[in-house]
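Letter by letter, the chains look like this.
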Amino acid sequence: MKKGMTPQLDHKWWSKNKPTFLGKTGLGNALKDYAIALDKFDYEAARKALIDVRKKVDVATKKCSDKTQKTTKEVLSKYDTVIKKADDDLKKKITDEQKKAAAAPAAVPVQKMGKDVVIWKRDIGKEVFKKIKLQWLDGIDGFVLEQKLNDDILDVFEKEGDYVTPQQIVDDSEAIGQMVISEVTKDLKQIDALIKSGKQADTKKIEALLLKVLKSKMEVAKGKLEKLPEARWKKFKAQKKQYTKYKVKTGVKLTTGTFGIVAGLGGLGLGVAAAAGAVPTMGGSLALAIPGLVAGLAGTLRSCAAMTKQLVDLSRSAEKVEKVLKSDLNTLQNRYKSAVKKVAAETGATTLKGLLGTDAPFLATIPKCRDNIELLGNKTAGIAVATRKLSKSILKAMKEAEDLEKQLKGVKAAKVRKAFDKLVKTRAALSKALDKCSDLGARMTKLDKNMPKLKQMMKVLEDKNTDFNKYFDKVFPTVVSLTLTGVGFGTGAADSSSVADWVSTGVGLVADLGLEAADFAAEKI
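The following refers to the structure shown.

Procedures and definitions
- Residues numbered from 1 in each chain as written.
- Predicted model: local features only at pLDDT ≥ 70, side-chain atom pairs only at ≥ 80, totals over all residues.
- Heavy atoms only, no water.
- Pairing = 2+ DSSP bridges.
- Helix = DSSP H or I, 4+ residues; strand = E, 2+ residues; numbered from the N terminus.
- Axes fitted to C-alpha atoms, helices over the stretch in contact; angles between N-to-C directions.
- Contact = heavy atoms within 4.5 Å.
- Expected span 1.5 Å × (residues − 1).
- Core = buried A, V, L, I, M, F, W, Y, C linked by side-chain atoms within 4.5 Å.
- Buried < 20%, exposed > 50% of the residue type's maximum accessible area, 1.4 Å probe, protein only.
- Salt bridge = Lys/Arg side-chain N within 4 Å of Asp/Glu carboxyl O.

In this section: the sheet that holds strand S1 (residues 116-123). Strand order in this open sheet of 3 strands is S1-S3-S4, and the pairing throughout is antiparallel. Strands at the two margins of the open sheet, each flanked by one partner only, are S1 and strand S4 (253-255). Direction aside, neighbouring strands of the sheet carry axes that sit 20° apart on average. Of the strands in this sheet, S1 and strand S3 (144-150) touch helix H6 (residues 124-131), which is tilted by about 20° from S1.

Below, the structure is given as structure tokens:
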């Protein structure tokens, strides 16, 4: 052995450095037992193995010659300090585990069933009309599916730091919504074929058929949507036993609407929308009420705008951490590649692990990555909460805009028509903002799902027994791609900026709308 060496609790180290003619000591096997216990996280067994290691060190020391193996005896004498430190670490880990096991789930108050909160909403008719253009169909209005959840359950998710489960409910709901849109679109194509072939030209029968298609598909979807929250909640309760008595209140809502059918095509009449009758003209009292309704919508939008600022700030902060993390992960990969080239060029005196073990940038980057992974997880959790709150506020603004549209619909005054057009544009902008919120939420779900893989990756890199060749060539690139660099992954700060842009567009439109509504009201006084 070399003078000044520090002994290691590693059987490979002992095998490489022990004197050739020392004979059997049992130390190598004792060190193997210690390593196996650590790999199994059996800290009690590891402590027992350390006792055996100490005994075998004594055996090895006694076998060393005072003349020819004096340096080996000096190195072995340092084992006491190394073993004591390892044993202290094991005792701490055992104590921490015992505390964790003894800690009972925190008591929770008796559930107070909260009010329904819309967490997902999709205008099925509107989406179908976007997908298919038919000569005889002028529009589909008001066929909407909503997924609601009692807000006390949402508060529980937030309290427990679970931002994945509510997002999963939203994602599951969206998948069902898209299924309905696809199926209704196919059915409308079949109805179109009947009309074009002349087999069906009766207005009332067409309207009845359209209504039957949409209602039947939406009813099936409603049943599926009702089961989603409970299924996800059961999985959550399996991990959080203290909420066993809490219940989810499913609040799926199905709204049916009307169709606009082009007059005179194939013998068709004006259809349901026209049959509803003319919209009454706006009286003076309603005209005076409009500015107040606009002011209410403007207030909601200002609240949305404040939330988007917070969301953008959070996203930019998370993106900075993400960029540093990406750079450091790239450094690790490059240092490995550099070490591989060096090993290939040498005669075998230096191993890959040895190179990486003495490579300061490699060693220093691992704990930095580990800390930034933890920090990124905290920041993306904050983004998930902010996205959920903003989505609720945007839905509220869309409902207020929709109610105002109904008040203005059919009024022919020029200023009112301009205001109505701006409302339509406002709702379209808010709808796009909501879509981007959904995109951002999906990113956070993917990050949350893959963040543990990043953490495990850092843990493996710190393990002295890691097979670096296998790990860096196969596992490392896959984990980094799935978490940060793949399409649709990462923090997606651009999505939050897009949300802010669309909300800002809505704020501007409603500000103009308010001026026009005020002018019209003044004319009516």
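Moving on to helix H8 (residues 164-196). Here H8 spans 48 Å end to end across 33 residues, near enough to the 48 Å set by a 1.5 Å rise per residue. Phi for glycine 198, located one or two positions after H8, is positive at around 80°.

Right, let's talk about the nonpolar core for a bit. Within the largest apolar cluster, 52 residues are counted, with the highest numbers of intra-cluster contacts made by Leu329 and Ile394. Those elements giving two or more residues to this core turn out to be helix H11 (284-345), helix H13 (360-408), helix H14 (414-462), helix H15 (468-485) and helix H16 (493-524). Dropping the residues within four chain positions of it, isoleucine 394 is found in contact with Cys304, Leu430, Ala433, Leu434, Cys437 and Val503.

This part takes up the pattern of salt bridges. The final tally for this structure, using the stated rule, is 26 salt bridges. With a closest N to O distance of 3.6 Å, aspartate 88 and lysine 91 form a salt bridge. With aspartate 88 and lysine 91 both in helix H5 (residues 79-102) and 3 residues apart, the pair spans about one turn of that helix. Residue classification places lysine 91 among the partly exposed residues on the basis of a relative accessible area of 35%. Its salt-bridge partner being lysine 217, residue aspartate 187 comes within 3.7 Å of it at the nearest N-O pair. Of the two residues, aspartate 187 sits in helix H8 while lysine 217 sits in helix H9 (residues 203-239), which places them 30 residues apart along the sequence. One connected set of salt bridges, linked through shared partners, spans Lys84, Asp88 and Lys91.

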